[in-house]
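Structural features, examined
Given next are the chains, with one letter for each unit.
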Amino acid sequence: MPLFPRYNGPPLLPQICSVENLTLAWRRVRSNIHVARRGRSAGPDAVTLRDFEADWTRQMAQLADELQQGTYRPLPAKRIAIPKASGGERAIAILSVRDRVAQRAVQQVLDPLFDPCFLDCSYGCRPHVGVPEAVARVQRYADQGLGWVVDADIAGYFDAIDQRVLLGLVRQRIDELPVLKLIAQWLEAGMLPGDAALPDEAPATPLQHGEAVLRQVMSWGAERLPPPPTGPYAAAAWEMPGGSVDDGWTVRRSGLESHLWTAMMLARPAIDGARRALPYLQRIGARRLAVVGAVAVGALALSEAVARMHTAQSRGTPQGGALSPLLANIYLHPFDVAMTSQGFRLARFVDDFVIMCATQDEAERALNFAQQQLRVLRLELNAEKTRIASYANGIEFLGASLAPRAKGQRLGEGLVDFADAERVLRDAMRNARQRVRRKIERGKVEG
């Protein structure tokens, strides 16, 4: 049974490519970067927000045309590592400006389609809810007498997402091939490691590096390329040894040959894109043009292929793109449905969640069930950050320290009928009036 109902409304691609939607996406991307940093906000193509802004109307028209014609191809994101408050590092993807705008445009159209399908136990990266509401939910459960907590975290969540499972879930809701291809391309593009380099001896400067890679890529020749795969999962099927796509085109490569094929598949659309963007790039200057053209077209393509020799395939969604939070919630929606269908009280904020239980035995059952459901999604819990605890001893959730509230009479506690509720309310109002009167009289005496 599908977890998401099928969307039967107007086509989505025209909505994504509309002037209003793309302009709003550009404004949001622009507003996310402080004015002082816009000259240093370059993605992997070395084009900063200020560079893009200098000719943004023509760039937006070109982006809309590529999206509509199906010729748009994203670049692999630039990877940076930032420290986490809990220790360790988190990999963040820095996309090119045009890829940021394109992702934001898609997110603005898809978010209203998927968000109403999510359960109310999901609070991460959703409109109108967030950390305060998630914390309040946990406190309400505790006030109801649920004093045992499964405090859990998913290990390396964004990097562990299975792209094929994710695309299958997305396809339950939307079955528009161009939109599915866009999402698959972003997932497959991945991230460039910070130390990505050519094998053997790479030239010293970025300019020489890019030119050398471009010459090597171009020397392979298009005649060596077999016909490309088609279908919504084609982008994810390039590197899967023995994998197949919907039209029967089968990939049977391994080792270096497979990765050279990937490099060419990445380089060919990038070369086409660079040719179309040449008038804009000429405005940046000769040296920047050489760096952007050579590095973005050649080095990025080959470096990504080389880097993927050492990484898992068809895994992960880059954390940092506008679409990643939505995809993360889509992927964990089956988990939310499974947990709540069994009566467990769940509060989840992306990959961080708690389950509130009445007894320790119930908490242990909830933890075991959660592990089983996550294994179905090919995910694992972070053993160091997962525990069963008594709420009486206090817990940490989303940066908030939670503990039992002070005991005292509360409206609604122990009520059995409306007459009882009226009595409690009347007594509470009378006590409040008496406190105010005593304060006034005390003030007159002191005066």
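Reading guide: rules and limits
- Per-chain numbering applies: the sequence of each chain, read as written, is numbered from 1 onward.
- Local features in this predicted model are restricted to residues whose pLDDT is 70 or higher, and side-chain atom pairs enter the listing and the counts only when it is 80 or higher, whereas totals over whole chains, interfaces and linings include all residues.
- For the side-chain quantities, the full set of heavy atoms in the structure was used; hydrogens and water were omitted.
- In this description a helix means any DSSP run of H or I spanning at least four residues, a strand means any run of E spanning at least two, and both kinds are numbered starting from the N terminus.
- Any residue under 20% of the maximum accessible area for its type is buried, any over 50% is exposed, and the rest in between are partly exposed; the area is computed with a 1.4 Å probe on protein chains only.
- The length a helix should cover is 1.5 Å for every residue beyond the first.
- For this quantity, the arc is that covered by the directions from the helix axis to the C-beta atoms.
- The salt bridge definition used is simple: a Lys or Arg side-chain nitrogen within 4 Å of an Asp or Glu carboxyl oxygen.
- UniProt positions are given in the numbering used here, feature names are shortened, and annotations may be inferred rather than shown by experiment.
- Think of it this way: a Phe, Tyr or Trp ring, Trp meaning its six-membered ring, pairs with another when their centres are within 6.5 Å, and the plane angle makes it stacked under 30 degrees, edge-to-face over 60, tilted otherwise.

Within an unreviewed UniProt entry, the label attached to the protein chain reads RNA-directed DNA polymerase (Reverse transcriptase), and the organism entered is Roseiflexus castenholzii.

**Brief notes about unusual backbone geometry**
The backbone of V350 shows a phi angle near 55 degrees, a positive value even though the residue is not glycine. Structurally, V350 is set in the loop between strand 5 (345–349) and strand 6 (352–357). Unusually for a residue other than glycine, L398 sits at a positive phi of about 55 degrees. Position of L398 relative to the elements: it lies in the loop between strand 8 (395–397) and strand 9 (400–402). Since its relative accessible area comes to 22%, L398 is described here as partly exposed.

**Quick look at helix 6 (residues 131–143)**
Between its first and last C-alpha atoms helix 6 spans 19 Å; for 13 residues at 1.5 Å apiece the expected length is 18 Å, and the two agree. Of all the positions in helix 6, only A134, V135, R137, V138, Y141 and A142 are classed as buried. All buried residues of helix 6 fall inside an arc of 155 degrees around its axis, so they share one side. Remark: G145 follows helix 6 within two positions and exhibits a positive phi of approximately 100 degrees.

**Some remarks on the pattern of salt bridges**
One pass over the structure, following the stated rule, counts eleven salt bridges. Across the pair R378 and D162 runs a salt bridge whose closest N-O atoms are separated by 2.6 Å. Residue R378 is found in the loop between helix 16 (360–376) and strand 7 (387–390), and its partner D162 is found in the loop between helix 7 (157–160) and helix 8 (163–173); the two are separated by 216 residues along the sequence. Residue classification places D162 among the buried residues on the basis of a relative accessible area of 5%. A salt bridge links D175 to R171; its shortest N-O distance comes to 2.8 Å.

**Observations regarding the UniProt feature "coiled-coil region" (unreviewed entry) in the protein chain**
Mapped onto the present numbering, the UniProt feature "coiled-coil region" (unreviewed entry) falls at residues 360–387. Taken as a whole, residues 360–387 contains 61% helix and 4% strand, while its terminal C-alpha atoms sit 12 Å from one another.

**Considering the packing of aromatic side chains**
Taken as a whole, this structure holds nine aromatic pairs when the rule is applied. Between Y72 and W186, the ring centres sit 6.0 Å apart and the planes meet at 65 degrees, which makes this aromatic pair edge-to-face. Here Y72 is found in the loop between helix 4 (56–69) and strand 1 (77–83), whereas its partner W186 is found in helix 9 (residues 177–189), with 114 residues between them in sequence. For the pair Y72 and W186, a shared accessibility class is recorded, and that class is buried. Aromatic pair F344 and F369: ring centres 6.0 Å apart, planes at 40 degrees, arrangement tilted. Of the two residues, F344 is situated in the loop between helix 15 (324–341) and strand 5 and F369 in helix 16; the sequence distance between them amounts to 25 residues. Overall, the relative accessible area of 12% leaves F344 in the buried class. Taking the relative accessible area as the measure of exposure, F369 reaches 18% and is therefore buried.

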